[in-house]
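Residues per chain, in single letters:
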Amino acid sequence: MFPLALLLLNMGCYPDQPEYVEEYDAVYTNYSPDFNFSVTYTYSLPEQVLLVDDKRGPDDPPEFVDQVYGDAILNSIRKNLNANNWTEVDENADPDLVILPSAFDKTFLYFYDPGYWCWYYCYPGWGYPGYSPGYVSGYRTGTVLLQMTDPNGVQANEVPVVWTGSFNGLLQGSEANIVGRINRNLDQAFSHPPFDNN
Amino acid sequence: MRSIYITASLLLFFSFSSFAQSKFALTYSVGFPTGETSDLFNSTSWRGVSLDYQYFIEDEFAIGFSTGWQVFSDNLGYVTETSGTETISGYRYNYLNSIPFYATASYVFKTTGDAHPYATLGIGLVYNELAEDTGLFRIESKGWPFSVRPELGMDYEIGYNVALRGAVRYHYVASGSDLPSLSYFSVNVGFVWGN
C-alpha cells in the first residue's frame, strides 16, 4: 500500500489539466446597466490595435499589434457590431461610440494610463458607470481588451466606458491558430449580455 | 530540537501502544460526490488514501485518529456564467483537495470468526481547497469546515495481527469560509495491522 500512497501523492493536487492551448482561453465581458444596448449606434474604430507596454514612456510614440493579429481583431469587432445593425463611421463624423481595442502580453491592470490613447482619442480618464471592471493578469499570456466609450456622456473629464470585453489566453500556437482563437473568442464576447438580446 | 520532539513523540507513541491493543489501517479511498459536491464534480474520485489509528480501551471499543487525502477533479467543458453585468466563458476545470482530521470512536461487534464488523464515528475538521479554473483564471477557496464521518466496515483477518479492511464512509462537511458543503461518500479498501 505504501507504493500506492506515494503514487497518489505524486499525482499532485490538480490532475487532469487542460491538454490544448485553446482550453486556456477565457472571455470576460462587463457593461454599464444604465446604457441602452437595445438600439443601434454609430461607432468608430482606429486603424490599428494599440499594444500596451508598461515600459513605454508618456512621450514615446504608440506601438501597435502585428498587423495580421490587429486586422483579425478589428475585422471581428466590425463583423459583430455590424451584425447588430450598428454602423461604422469615421472618428471625425461624431460617432455615438468609440471602440478602443488594445492588447498586452504580460500582467497588466485594466486601469492603464489613458494617455496611451492620445494618438487617437484623448481623455484624461475613464469612468465605469454602474459597474466595476475586473482585472486581468497572467504569465506568458496574451490579452485583448476592448473598451466601448461614450463620448457624448463625458462627465468631469472622464469618458464613460459602457462596455468592456477581453479575452485572455496562452501566447502559443501558429499564426493561423492565434487568428482563429481571436475570431472565436471575440464572437463569444459579443454573444454575452447585453448583446445576446439584440 | 525538532528531532528531539519527533523522537520523544515516537517513543511515547510506541510505548503507549505496547500496553494495549492498537491498530493501524492504510486504505485506498474512492470518493463519490453528493449534494453540493456533485454540483461541482460529476466524476468519481479515484484518488484517495486514508490513514487510521485505533487504540482499544476495551475489547469492543476503541478511540483513535484518522486522516487522509481525497482529490476530486472534473472537466466541465465549455461553460458560460453570468453574474449581474459580468459574464465569463471558457473551459472549466474544477479541483477539490480534501484532507480530513478526525478524532474517532469505534465499536467492534462480537464475532467468532475471522470477520470483525465495526462502526466508527469521526468528528473533526477538514482542510478543503476548492479551485474553479476558467481558462487561465482561477477562483480558489480554502477553509477548515467542521465535519462528521459515520463509517461501517469489516476487518477480515488474514494472518497474525494482519487483516483486510473494507468500509463505507459518509463525509458530512459543513459549509463555511466561502466554501459550500462539500460532502461525499467513500468506499475504502486496504490493510490493517496491530499488536
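Computed from a predicted structure; not experimentally measured.

Participant: An account of the overall build of chain B is requested, with residue identities and associated values reported.
Facilitator: Helix and strand counts for chain B come out as two helices and nine strands. The order of α-helices and β-strands along chain B, N terminus first, is α-β-α-β-β-β-β-β-β-β-β. Going through the 195 residues of chain B one by one, you find that 47% of them count as buried. A separation threshold of at least 6 residues defines the contact pool for chain B, and within that pool the share at least 24 residues apart is 60%. Summing over all exposed atoms, chain B offers an accessible surface of approximately 9,600 Å²; the carbon and sulfur share of this is 65%.

Participant: Describe in detail the nonpolar core, supporting the description with residues and values.
Facilitator: All names here are of chain A. If you look at the biggest cluster of nonpolar residues, it comprises 32 residues, and the most contacted ones within it are Phe37, Ile77, Leu81, Trp86 and Met148. If one sorts the elements of this core by residue count, helix α2 (residues 67-83) sits on top with six residues. With residues near it in sequence (within four places) discarded, Trp86 still touches Phe37, Val39, Thr40, Tyr41, Tyr43, Leu81, Leu97, Met148 and Phe195. Membership of the second largest hydrophobic core comes to 15 residues, among which are Val52, Phe104, Trp126 and Leu145.

Participant: How would you sum up helix α3 (residues 175-189) of chain A? Please name residues and give values.
Facilitator: Counted at 1.5 Å a residue, the expected span for α3 of chain A with its 15 residues is 21 Å, and the 21 Å between its end C-alpha atoms agrees. What α3 of chain A keeps buried is the set Asn177, Ile178, Val179, Arg181, Ile182, Asn185, Leu186, Gln188 and Ala189 of chain A. Those residues of α3 of chain A that are buried lie in contact with β1 (26-31), α2, β7 (141-149) and β8 (158-170) of chain A together with β3 (61-83) and β4 (86-108) of chain B.

Participant: I'd like a description of the interface of chain A and chain B, backed by residues and values.
Facilitator: Of the residues lining the interface, 36 residues belong to chain A; the matching set on chain B comes to 36 residues. Of the roughly 2,900 Å² buried between chain A and chain B, counting both surfaces, carbon and sulfur atoms make up 63%. At the junction of chain A with chain B, the criterion picks out zero salt bridges. Counting across the chain A and chain B interface gives eight residue pairs in polar contact (both at pLDDT 80 or more). Contributing elements (two or more residues each) for the side of chain A that touches chain B: α1 (2-10), β1 and β8 of chain A. Per-element tally for the side of chain A that touches chain B: the top contributor is β1 of chain A, with six residues.

Participant: Before we move on, could you go through the pattern of salt bridges and cite the residues and values that matter?
Facilitator: All names here are of chain B. Here the structure, examined in full by the defined rule, presents 14 salt bridges over all chains. Between Asp133 and Arg138 there is a salt bridge, with its nearest N and O atoms 2.6 Å apart. Here Asp133 falls in the buried class, since its relative accessible area comes to 10%. By relative accessible area, which is 37% here, Arg138 ends up partly exposed.

Participant: Break down the side chain of Asn97 of chain B for me, with residues and values.
Facilitator: With respect to the helices and strands, the residue Asn97 of chain B is situated in strand β4. One polar contact links Asn97 of chain B to Trp69 of chain B, side chain to side chain, over a distance of 2.9 Å. The residues contacting Asn97 of chain B, other than those within four sequence positions of it, are Cys13 and Tyr14 of chain A together with Trp69, Gln70, Val71, Tyr127, Asn128 and Glu129 of chain B.

Participant: I'd like a description of the packing of aromatic side chains, backed by residues and values.
Facilitator: Counted under the stated rule, the structure contains 18 aromatic pairs over all chains. Centroid distance Tyr78 of chain B to Tyr91 of chain B: 5.2 Å. Interplanar angle 80°. Geometry classified as edge-to-face. One end of the pair, Tyr78 of chain B, is in strand β3; the other, Tyr91 of chain B, is in strand β4, with 13 residues separating them in the sequence. A residue is classified by how much of its surface remains accessible, and Tyr78 of chain B, at 37% relative accessible area, is partly exposed. A network of ring pairs unites the aromatic residues Tyr31, Phe35, Phe37, Tyr41, Trp86, Trp163, Phe190 and Phe195 of chain A as a single cluster.

Participant: Can you explain the pairing of strand β5 (residues 115-134) of chain B? Please cite residues and give values.
Facilitator: All names here are of chain B. Where burial is concerned, most of β5 is hidden: 14 out of the 20 residues are buried. If you look at the hairpin formed by β4 and β5, you'll find six residues sitting between the two strands. With 11 bridges connecting them, β5 and strand β7 (residues 146-159) associate as antiparallel partners. In the strand pairing of β7, Ala119 is matched with Leu152. Where β5 and strand β6 (residues 137-143) come together, seven bridges link them in antiparallel fashion.

Participant: Break down unusual backbone geometry for me, with residues and values.
Facilitator: Residue Pro194 of chain A is bonded to the preceding Pro193 of chain A through a cis peptide linkage, with omega at 5°. Among the secondary structure elements, Pro194 of chain A is positioned in the segment after α3.

Participant: Would you mind going over the layout of surface pockets in detail, with residue names and values included?
Facilitator: All names here are of chain A. Roughly 400 Å³ of volume is contained in the second largest pocket. Forming the boundary of the second largest pocket are 20 residues, of which Val65, Tyr69, Gly142, Leu171 and Ile178 lie nearest the centre. Where the lining of the second largest pocket is concerned, the elements lending two or more residues are α2, β5 (97-104), β7, β8 and α3. With four residues, the top contributor of residues to the lining of the second largest pocket is β8. Classifying every residue of the lining of the second largest pocket gives 13 nonpolar, four polar and three charged.

Participant: So what's going on with a nonpolar patch on the surface? Which residues, and what values?
Facilitator: Residue and element names in this part refer to chain B. On the surface, Phe65, Phe101, Leu121, Ile123, Leu125, Trp144, Phe146 and Tyr172 cluster together into a nonpolar patch covering about 760 Å² of accessible area. Looking at the nonpolar patch, the element that brings in the most residues is β5, giving three residues. For Leu121, the position within the fold is in strand β5. Overall, the relative accessible area of 41% leaves Leu121 in the partly exposed class.

Calculation notes
- Residues numbered from 1 in each chain as written.
- Chains lettered and ligands numbered in written order.
- Predicted model: local features only at pLDDT ≥ 70, side-chain atom pairs only at ≥ 80, totals over all residues.
- Heavy atoms only, no water.
- Helix = DSSP H or I, 4+ residues; strand = E, 2+ residues; numbered from the N terminus.
- Buried < 20%, exposed > 50% of the residue type's maximum accessible area, 1.4 Å probe, protein only.
- Contact = heavy atoms within 4.5 Å.
- Areas by Shrake-Rupley, 256 points an atom, 1.4 Å probe, with all protein chains shown as cover.
- Core = buried A, V, L, I, M, F, W, Y, C linked by side-chain atoms within 4.5 Å.
- Expected span 1.5 Å × (residues − 1).
- Buried area = accessible area lost by both parts, 1.4 Å probe.
- Salt bridge = Lys/Arg side-chain N within 4 Å of Asp/Glu carboxyl O.
- Polar contact = N/O pair within 3.5 Å; in protein donor to acceptor, adjacent residues only side chain to side chain.
- Phe/Tyr/Trp six-rings, centres within 6.5 Å; stacked < 30°, edge-to-face > 60°.
- Pairing = 2+ DSSP bridges.
- 1 Å grid on protein atoms, 1.4 Å probe; cavity = no way out; pocket = protein on both sides within 12 Å on 5 of 7 lines; lining within 4 Å.
- Points joined across faces, edges and corners; volume = space filled by probe spheres on them.
- Nonpolar A, V, L, I, M, F, W, Y, C, P; charged D, E, K, R; others polar.
- Patch = residues over 30% accessible without salt bridge, like charges linked within 9 Å, V, L, I, M, F, W, Y side chains within 5 Å.

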